[in-house]
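# Descriptive structure summary
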Amino acid sequence: GKAVLGHPTTFAEVWRQVRGRILALVGLALLTGLLSFGALALGIGLAVLLGFLSPWLLFLGIPLAIGAAGLGVYLYVRLSLAPAVLVLERSGIRTAMRRSGVLVKGDWWRVFGILLLVQVIAAFVSSVLTVPFLLVAGINAVANPDAGSFTLLFVVSQIGGGVATLLVAPFAAAARGLLYVDRRMRAEGLDLSLQAAAR
């Protein structure tokens, strides 16, 4: 948000702006996760239940699970800009969710494609960063096949995963922030407002 306005910022300034929104962000993450992944879990759970009741009902359960997966993905994309709205517009959780839906509306497929690309890049970079940790610990486990070396393998893999997450998570968050600004420019003419303010 600061970069779009041409204002350089420091970590301390970012923390000062986000600090008061941490609880709201956690609540938003829980709620959006519950809505998007809850729909998927409910659909799969119903499909499994129908399959246990009768093999013939499984033919009804499979389309139900596919539909639930589609609904979960739809809700995930529709609510994907809510964290940026919550922080940058200083809004409440319900308002942020509603605003995210408004911003995504009409350009759902493009937002979906960008989010998918960000996730693929993040997963690739994360795996590349984790491989050296696993390689060193794996060689040690093969050379010394005892319980201690396998414990070390587990610990080192967790450390590698933590380092990867530490480096990849800011990239994913920045990509969502840029996507939010892009959608505001395309849907609401934010760029014209910024040009007028700059003049």
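Treat the numbers as computed from the prediction; the structure is a model and nothing was measured.

Conventions adopted
Residues numbered from 1 in each chain as written. Predicted model: local features only at pLDDT ≥ 70, side-chain atom pairs only at ≥ 80, totals over all residues. Heavy atoms only, no water. Helix = DSSP H or I, 4+ residues; strand = E, 2+ residues; numbered from the N terminus. Buried < 20%, exposed > 50% of the residue type's maximum accessible area, 1.4 Å probe, protein only. Axes fitted to C-alpha atoms, helices over the stretch in contact; angles between N-to-C directions. Parallel < 35°, antiparallel > 145°, perpendicular 65-115°, else oblique. Contact = heavy atoms within 4.5 Å. Nonpolar A, V, L, I, M, F, W, Y, C, P; charged D, E, K, R; others polar. Salt bridge = Lys/Arg side-chain N within 4 Å of Asp/Glu carboxyl O. 1 Å grid on protein atoms, 1.4 Å probe; cavity = no way out; pocket = protein on both sides within 12 Å on 5 of 7 lines; lining within 4 Å. Points joined across faces, edges and corners; volume = space filled by probe spheres on them.

### Points about unusual backbone geometry
In this structure, Arg-90 takes a positive phi of about 55 degrees despite not being glycine. Mapping Arg-90 onto the fold places it in the loop between α4 (82-88) and α5 (93-104). A relative accessible area of 49% means that Arg-90 is categorised as partly exposed.

### As for the packing of helix α2 (residues 22-53) against helix α3 (residues 58-78)
Pairs of packed helices are described in terms of their axes, by the angle between the two and the distance that separates them. The geometry of α2 relative to α3 is characterised by a closest axis approach of 7 Å and an angle of 175 degrees between their N-to-C directions. Between α2 and α3, the interaxial angle falls into the category roughly antiparallel. Together, Leu-35, Ser-36, Ala-39, Leu-40, Gly-43, Ile-44, Leu-46, Ala-47, Leu-50 and Gly-51 of α2 and Leu-58, Leu-60, Gly-61, Leu-64, Ala-65, Ala-68, Ala-69, Leu-71, Gly-72, Leu-75 and Tyr-76 of α3 make up the contact between the two elements. A class-by-class count of the residues in the contact of α2 with α3 yields 16 nonpolar, five polar and no charged.

### A word on the pattern of salt bridges
Under the definition given, this model contains eight salt bridges. With a shortest N-O distance of 2.8 Å, Glu-89 and Arg-99 are connected by a salt bridge. Of the two residues, Glu-89 is situated in the loop between α4 and α5 and Arg-99 in helix α5; the sequence distance between them amounts to 10 residues. For Arg-183, the salt bridge is made with Asp-107, and the minimal N-O distance between the two is 3.0 Å. With Arg-183 in helix α7 (residues 147-188) and Asp-107 in the loop between α5 and α6 (108-143), this residue pair connects regions lying 76 residues apart in the sequence. Linked by salt bridges that have partners in common, Asp-107, Arg-110, Asp-182, Arg-183 and Arg-186 make up one network.

### So, empty space enclosed by the protein
The tally for this structure, following the rule as stated, stands at one cavity of 30 Å³ or more. Approximately 40 Å³ is the volume found for the largest cavity. Every residue along the wall of the largest cavity is listed here: Ile-114, Leu-115, Val-118, Gln-119, Ala-172, Ala-175, Arg-176 and Leu-179. For the lining of the largest cavity, the secondary-structure elements that each account for two or more residues are α6 and α7. For the lining of the largest cavity, the per-class residue count stands at six nonpolar, one polar and one charged.

Interpretation in functional terms is not warranted from these geometric data alone.
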